[in-house]
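Below are the chains, spelled out letter by letter.
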Amino acid sequence: MENKDRYSATTYSYEEMIRLVLGKNAWQTNDLDGRIDTLYVSDGPVGIRSDFDYDLSKKETELPSTSYPSGEVLAQTFDVELAKEYAKSIADDLIERNLDVLLAPGINIKRNPLCGRNFEYFSEDPYLSGEMAKGYIEGLNEKHVGSSLKHYVCNNSEYQRQWVSSEVDERTLQEIYLRNFDIAFSAHPWTLMCSYNLVNGVRMSENRPLYEHAHRHGFDGLIVSDWGAVKDPTASINAGLHLIMPYDPELEKRLLSDLESGRLDKEALKDAAQKVLDLVKRNEGERKLRKVEKSLSQRKELALKVATEGIVLLKNQGSLLPLGKEEKLLVGGAPTVRYFNGGGSSVVKLDHKFKRLADSLREIGFSHVEEGDISLESKGHCANMGNFKRFVEKAYRNDVLIMGVGGDRSLFSEDFDRQDLKLSKEETLAIEQASKTGKKIVLLVFGGGVFELGEAELLVDAIVYVGFAGERVSDALARLLSGAEVFSGRLAETFAESLEDYPSSSAYVDESVVLYSEGLDVGYRYFTTRDVPVLYPFGYGLSTVPFSYSDLAVADVGKGRVEVTVRVRNDGNRDAKEVVLLFLSPLSKNVYRPRRELKRFRKVLIEKGKEVEVRFVLTEDDFKYFNRNYHDFVFDHGRYRIEIAKDANDVLLSEEIEL
């Protein structure tokens, strides 16, 4: 066979094309017995989960790798450039292992706070999700490594994910659940992974209309199934799916049988095979351009940087934080001594012994750090208390109690959803009893999503939402608690007062259907429009450095463009970063529109005592909504309010404009 023909589908028989669209095993594309190259994929998105060694020999278990902060923590940085650097760092891990495509990023909308995989996903907001994903994909592209944007689409819980239909109206689908993907498509991900579920009665592995939507909105890569998502391989290939993973001999038998009977569309099969060949050929060229740029220690420093900027300060009563180095500290709780991360395909095996928080605090200069005999390790059904009596006894000889609570992969994981948003009864009891000592308490909340923290809020002095902040979490916390770094993370989803406050909690669900009856009212769109109080709103996050905003200017500069400028001043005595949020609020409207929607954000470093001007440019598309009559996005003339905000509930400056 001549080389020029190797990557043309017409070179191969239909039986060989079937082999191409099925993959070789769980993690490789089919090489047709060595006639073409093969492509190696790896689980993501928080690090490498692969059992292929550096020489591509297969091992019995996954190899250790750098474990980065979760997608949730990355989104809480509100920094697209940092997302790009994060992806480039993981790309170096891939390149070292001779792997080609990372199965990431995951960008499903956090519709339901119980979703077991919310720790992997970015946000409840489609704009933030899309922009962070765009930066992530661009980072991988710059390293000549492939991405797999997932899970397309409406896979917003793990409940019956292989069998239920996500029932969602057209406008909501377009404005909320497809918008993030449409933004990410502009970065040209190599592949798009279909989700397990059905959407409006059509299985996503067979959903031609939604595949066509992706192509219309700029996706030009290969569509791959999630692992085991295909139930009818012929219907999937006929609908426009290109690659079925992993290899399954039963699916091959069915495709061969349907080829013979005529049920399998030969042109669709040829198109799918050609897409696989195109990707393998592209990868063959891109592989020659790859090189490792960051050392292993630099990658671990990047993991530390993301953790430091993504951890969120929720409460700081009496300016307890940062702590003075002379304070006597008592540290306890399982997350302070053992690595906490999410479960499922995101599990990354550490390549070193986990560093305890107490050790990080000592290293950064605290002279008195004691560990308490307390576990508080929630397993989803009960918690291991450890010797809590001894912890309370030790509390009296210390100044500040640092308590780690929350959950790990037993509570947050692929394949199942959470049962509630509460801390365990044992954790709540421990907080109550610790508060009776009269000592200052810093509560560190580990996990992969929302917790009901109203009770804790009343009993402790400071609350830090840590999330799953990666392998350098202890060092990041030590830097933030000591003041070596300034808190700059912001919540990328709403922490309501209770589960019942989320409209998705009361939506209709049965064995076949999950009804998205709340429509556009997802996350802060619901809470702000309906004036429902929340504990911590979307975008919320405290800093230990004060900032002030002034001189908001909004101007229609023509050609459908609106220029917005605002001045932000660092009123503190040290350099620090601030997240500037721009929301749009339609004042005159012809259809229902949420009170405000995020349209721009930027994280800026401002020197102490200095002021910077932050500039945003809005386009006509930012003012549009999806009209069901025209089945398209339309622009309404009228009045709009541009809002510069600290978070979804705290608008600092606003200006109206008529367009």
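Summary of the structure given here. This is a predicted model, so every value here is computed, not measured.

Cut-offs used in this document
Residues numbered from 1 in each chain as written. Predicted model: local features only at pLDDT ≥ 70, side-chain atom pairs only at ≥ 80, totals over all residues. Heavy atoms only, no water. 1 Å grid on protein atoms, 1.4 Å probe; cavity = no way out; pocket = protein on both sides within 12 Å on 5 of 7 lines; lining within 4 Å. Points joined across faces, edges and corners; volume = space filled by probe spheres on them. Helix = DSSP H or I, 4+ residues; strand = E, 2+ residues; numbered from the N terminus. Nonpolar A, V, L, I, M, F, W, Y, C, P; charged D, E, K, R; others polar. Phe/Tyr/Trp six-rings, centres within 6.5 Å; stacked < 30°, edge-to-face > 60°. Buried < 20%, exposed > 50% of the residue type's maximum accessible area, 1.4 Å probe, protein only. Pairing = 2+ DSSP bridges. Axes fitted to C-alpha atoms, helices over the stretch in contact; angles between N-to-C directions.

Our focus in this paragraph is empty space enclosed by the protein. With a probe scaled to a water molecule rolled over the atoms, the places where space remains empty come into view. Summed over all chains, the structure comprises 6 cavities of 30 Å³ or more. Here the largest cavity defines a volume of roughly 90 Å³. Forming the boundary of the largest cavity are 15 residues, of which Leu 39, Val 41, Val 224, Trp 227 and Leu 243 lie nearest the centre. Counting residues per element, the ones that place at least two in the lining of the largest cavity are strand 2 (101–103) and strand 8 (222–225). Here the lining of the largest cavity is built from residues that sort into 11 nonpolar, 4 polar and no charged.

A few words on the packing of aromatic side chains. This structure, assessed with the given rule, holds 29 aromatic pairs. Seen from their ring centres, Phe 388 and Phe 391 are 6.1 Å apart, and the 20 degrees between their planes marks the pair as stacked. Placement of both Phe 388 and Phe 391 in helix 13 (residues 388–395) is noted, with a separation of 3 residues, approximately one turn of the helix. Phe 388 gets classed as buried once you look at its relative accessible area, which sits at 11%. Among the residues examined, Phe 391 registers a relative accessible area of 0% and is labelled buried. Ring geometry for Phe 635 and Tyr 640: centres 6.4 Å apart, planes at 15 degrees, overall stacked. With a relative accessible area of 21%, Phe 635 lands in the partly exposed category. By relative accessible area, which is 0% here, Tyr 640 ends up buried.

Next up on the list: the sheet that holds strand 21 (residues 561–570). Strand order in the open sheet made by the 3 strands is 20-21-24, with antiparallel pairing throughout. Only two strands of the sheet have a single neighbouring strand rather than two, namely strand 20 (547–558) and strand 24 (611–618). On average, each strand axis in the sheet is tilted by 15 degrees relative to the strand beside it, whichever way the strands run. One ladder, built from 8 bridges, connects strand 21 with strand 24; its direction is antiparallel. Within the sheet, the bridge partner assigned to Val 564 lies in strand 24 and is Phe 616.

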